[in-house]
Amino acid sequence: MTPHSTFLKTLAERGFLNQCTDQSGLDEYAQTNKIVAYIGFDCTADSLHVGNLISIMMLRHLQQTGHKPIVLLGGGTSKVGDPSFKDEARKMLSLEQIEHNKQGIKKVFEKFLTFGDGPNDAIMVDNADWLDHLNYMAFLRDYGIHFSVNRMLSFDSVKMRLEREQNLSFLEFNYMILQAYDFAELNKRYNCVLQMGGQDQWGNIVNGTDLTRRVNHKHVFGLTSPLLTMSDGTKMGKTERGAVWLNADKLSPYDYWQFWRNASDADVGTLLRFYTELPISEIAQLEKLEGNQLNEAKIILANEATTLCHGIDAARHSFETAKKVFEEGGAGGDLPSLEISMNDLEKGLSFIEALKQIGFVESNGEAKRLIKGRGARVNNNVIDDEAYHLSTKDLIDGSIKVSAGKKHHGVIVVKN
RNA sequence: GGAGGGGUGGCCGAGCGGUCAAUGGCAGCAGACUGUAAAUCUGCCGACGAAAGUCUACGAAGGUUCAAAUCCUUCUCCCUCCA
């Protein structure tokens, strides 16, 4: 079925649609109403990462097609922990940790959404606002009555735990109840009619729509996005060096740009559709490129994705730096850098120490291996002497370029 | 509550008194080839040390032994079967 509403059409053609509780109903609603929709974000880390980006993009498309997004921070539910598809209980987060994480996560949304008081401005709410003050008895009587334990046990998301006879605490078991309650509460407060999320949230989302229907007597919708896997079978956003964070203080815009630039050929089209806002027709053209021409598409992908997350200037700088480094063999301002005083440089700086301090390696041993393997370079020249010391004679225009492998470059600059 | 099996490096998984910093696979890093891609091939893959070597590590704590991931005791967690 081809959707008619701009919102669903956009999601459909870019690949965001996985499951929907009532797609034609939602489509119809979207054509005549302003949808108020939300996605919840757990406060399990102090920054979101590209794995969360698909949800953020959904909210962005929602807003851009004239509807109202709600960002729901899981300040309350994170105190419980989502057991979905986890084979073990997650470590309990301390209240301080949750608060810290919440602050870190908040920042990123402003990049993607417009917040304010206007009719389709985004708002951000925290479910701790209502969950923290629930009255247990009242809650049980008003809401507990609507949940069937038999049914909850049948959800795939908890089955794994049960089948492996691994403990599922009552605390965690309540997660889905609380999340369902969120929907009912948001519906009451903001006339929110749609919850979106990743495929793994389907069970939780369905619970929410059911509960809202029962207690508020409102017909509301749920919609999930597919779980993105890359052509090599890995989950989107998993890299050797850990998560690809969205906060600049956890991952520099330059590295973020590099992440996209290093996408596999086979994934370029998919990534462009999900993580940029280029028109579908243009993406189709880019996807057709072959051989090393596809690199142009990857650059566009990196520029677009970085612009969304870190702004156009950051994207441009990253691009310029990459160009200087990879095409001209030079160095650029956005590379990881290390400052050293002229005095110290004159005394000599151990190459191993430099590699460590700039963050390319974590131990002396690793540095030595890199050097032995002929992967370490100073000003593009391979250095295979472990005892090499950097000195003033390595200076070129006041800086020294240090590389670890073909991809990791940094500069040592002399400060006065 | 009873009986049995098991917890080994980021993951999987060998080892079952010395030759074990621990086979192998995956993941990762580097090199070659390329296009900052994929595939392939090669090397590396605990920390400190220039090195000799030292330290930390095989669920936890004790013990036996010249010597323990390997044997014994207690504890702990997981799995299978029985009640």
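Everything numeric here is computed off the predicted structure, so don't read it as measured data.

So, how was this worked out
- Residues numbered from 1 in each chain as written.
- Chains lettered and ligands numbered in written order.
- Predicted model: local features only at pLDDT ≥ 70, side-chain atom pairs only at ≥ 80, totals over all residues.
- Heavy atoms only, no water.
- Axes fitted to C-alpha atoms, helices over the stretch in contact; angles between N-to-C directions.
- Helix = DSSP H or I, 4+ residues; strand = E, 2+ residues; numbered from the N terminus.
- Parallel < 35°, antiparallel > 145°, perpendicular 65-115°, else oblique.
- Left-handed = near helix turned anticlockwise from the far one by under 90°.
- Contact = heavy atoms within 4.5 Å.
- Nonpolar A, V, L, I, M, F, W, Y, C, P; charged D, E, K, R; others polar.
- Pairing = 2+ DSSP bridges.
- Buried < 20%, exposed > 50% of the residue type's maximum accessible area, 1.4 Å probe, protein only.
- Arc of directions from axis to C-beta.
- Domains from an automatic or database assignment.
- Patch = residues over 30% accessible without salt bridge, like charges linked within 9 Å, V, L, I, M, F, W, Y side chains within 5 Å.
- Areas by Shrake-Rupley, 256 points an atom, 1.4 Å probe, with all protein chains shown as cover.
- Salt bridge = Lys/Arg side-chain N within 4 Å of Asp/Glu carboxyl O.
- Lys, Arg positive; Asp, Glu negative; His and termini not counted.
- Charge placed at Lys NZ, Arg CZ, Asp CG, Glu CD.
- pLDDT = per-residue confidence, 0-100.

1. Quick word on the packing of helix 13 (residues 268–275) against helix 14 (residues 280–288)
Where helix 13 contacts helix 14, the two axes come as close as 9 Å, and the packing angle between them is 160°. For the element pair helix 13 / helix 14, the angle class is roughly antiparallel. As for how helix 13 packs across helix 14, the hand of that crossing is right-handed. Touching G269, L272 and R273 of helix 13 are I280, I283, L286 and E287, all from helix 14. The class makeup of the residues in the contact of helix 13 with helix 14 is four nonpolar, one polar and two charged.

2. Brief notes about the sheet that holds strand 3 (residues 68–73)
Hydrogen bonds along the backbone pair up the strands of a sheet, which may run parallel or antiparallel. Taking strand neighbours across the sheet as the criterion, the six strands line up as 1-6-5-2-3-4 in an open arrangement whose pairing is mixed. Each of the sheet's edge strands pairs with one partner strand only, and the pair in question is strand 1 (19–20) and strand 4 (123–126). Bridging between strand 2 (residues 36–41) and strand 3 involves six bridges; their strand directions are parallel. Looking at strand 3, one finds that V36 is bridged to K68. In this fold helix 2 (residues 23–32) packs onto strand 1, strand 5 (194–198) and strand 6 (221–225), with an angle of close to 105° to the strand it touches most, strand 6. On the sheet, helix 10 (residues 175–190) packs against strand 2, strand 3, strand 4, strand 5 and strand 6 and is oriented at approximately 145° with respect to strand 2.

3. Details of the environment of Q201
As for its placement among the helices and strands, Q201 is situated in the loop between strand 5 and helix 11 (202–216). In sequence terms Q201 and L26 are 175 residues apart; their C-alpha atoms lie 18 Å from each other.

4. A short note on helix 1 (residues 6–14)
Among all positions of helix 1, only F7, L8, T10, L11 and R14 are buried. Buried residues of helix 1 fall within an arc of 160° about the axis and therefore sit on the same side. Phi turns positive, to about 95°, at G15, one or two residues after helix 1.

5. A short note on the side chain of H61
With respect to the helices, strands and loops of the structure, H61 is situated in helix 3 (residues 50–64). When its relative accessible area of 5% is taken as the criterion, H61 is described as buried. When near neighbours in sequence (up to four residues on either side) are disregarded, H61 contacts F7, T10, L11, R14, F16 and E277.

6. Concerning the sheet that holds strand 15 (residues 408–415)
Spatially, 9-15-14-11-12 is the arrangement adopted by the five strands of the open sheet, whose pairing is mixed. A strand with exactly one partner marks an edge of an open sheet, and here the two such strands are strand 9 (337–341) and strand 12 (381–382). Here strand 14 (residues 399–404) runs beside strand 15; their pairing, made up of six bridges, is antiparallel. From the neighbouring strand, I400 faces strand 15, where its bridge partner is I412.

7. Observations regarding the domain arrangement of chain A
Looking at the assigned domains, one finds that chain A contains domain 1 (6–225), domain 2 (252–328) and domain 3 (337–415). Summarising the inter-unit geometry, the C-alpha centres of domain 1 and domain 3 are found 48 Å apart.

8. Structural notes on a negative patch on the surface
On the surface, E296, E320, E327 and E328 cluster together into a patch of negative charge. Inspection of the secondary structure assignment puts E320 in helix 16 (residues 312–327).

9. Comments concerning the confidence of the model for chain A
Looking at chain A as a whole, the pLDDT averages 90, with 95% of positions reaching at least 70. The secondary-structure element of chain A with the lowest mean pLDDT is strand 7 (residues 238–239), recorded at 64, while strand 3 shows the highest, at 97. Reported confidences for the modelled complex are a pTM of 0.90 and an ipTM of 0.86.

10. Some details on unusual backbone geometry
Positive phi, close to 55°, is recorded for N191, a residue that is not glycine. By the secondary structure assignment, N191 is in the loop between helix 10 and strand 5. The class for N191 is partly exposed, based on a relative accessible area of 39%. Unusually for a residue other than glycine, D397 sits at a positive phi of about 50°. Within the secondary structure layout, D397 lies in the loop between strand 13 (389–390) and strand 14. According to the relative accessible area criterion, D397 is exposed, its value standing at 81%.

11. Focus on the packing of helix 15 (residues 294–310) against helix 16
The N-to-C vectors of helix 15 and helix 16 enclose an angle of 145°; their axes lie 7 Å apart at closest approach. Seen from above, helix 15 lies across helix 16 with right-handed handedness. Contact residues: helix 15 offers I299, N303, T306, T307 and H310, while helix 16 offers I312, A314, A315 and F319. Its residues assigned to classes, the contact of helix 15 with helix 16 comprises five nonpolar, four polar and no charged.

12. A short note on a nonpolar patch on the surface
Together, Y136, M137, L140 and F170 line one region of the surface with nonpolar side chains, adding up to about 460 Å² of accessible area. Considering each element in turn, the nonpolar patch owes the most residues, three residues, to helix 6 (residues 136–142). Mapped onto the fold, F170 is located in helix 9 (residues 170–173).

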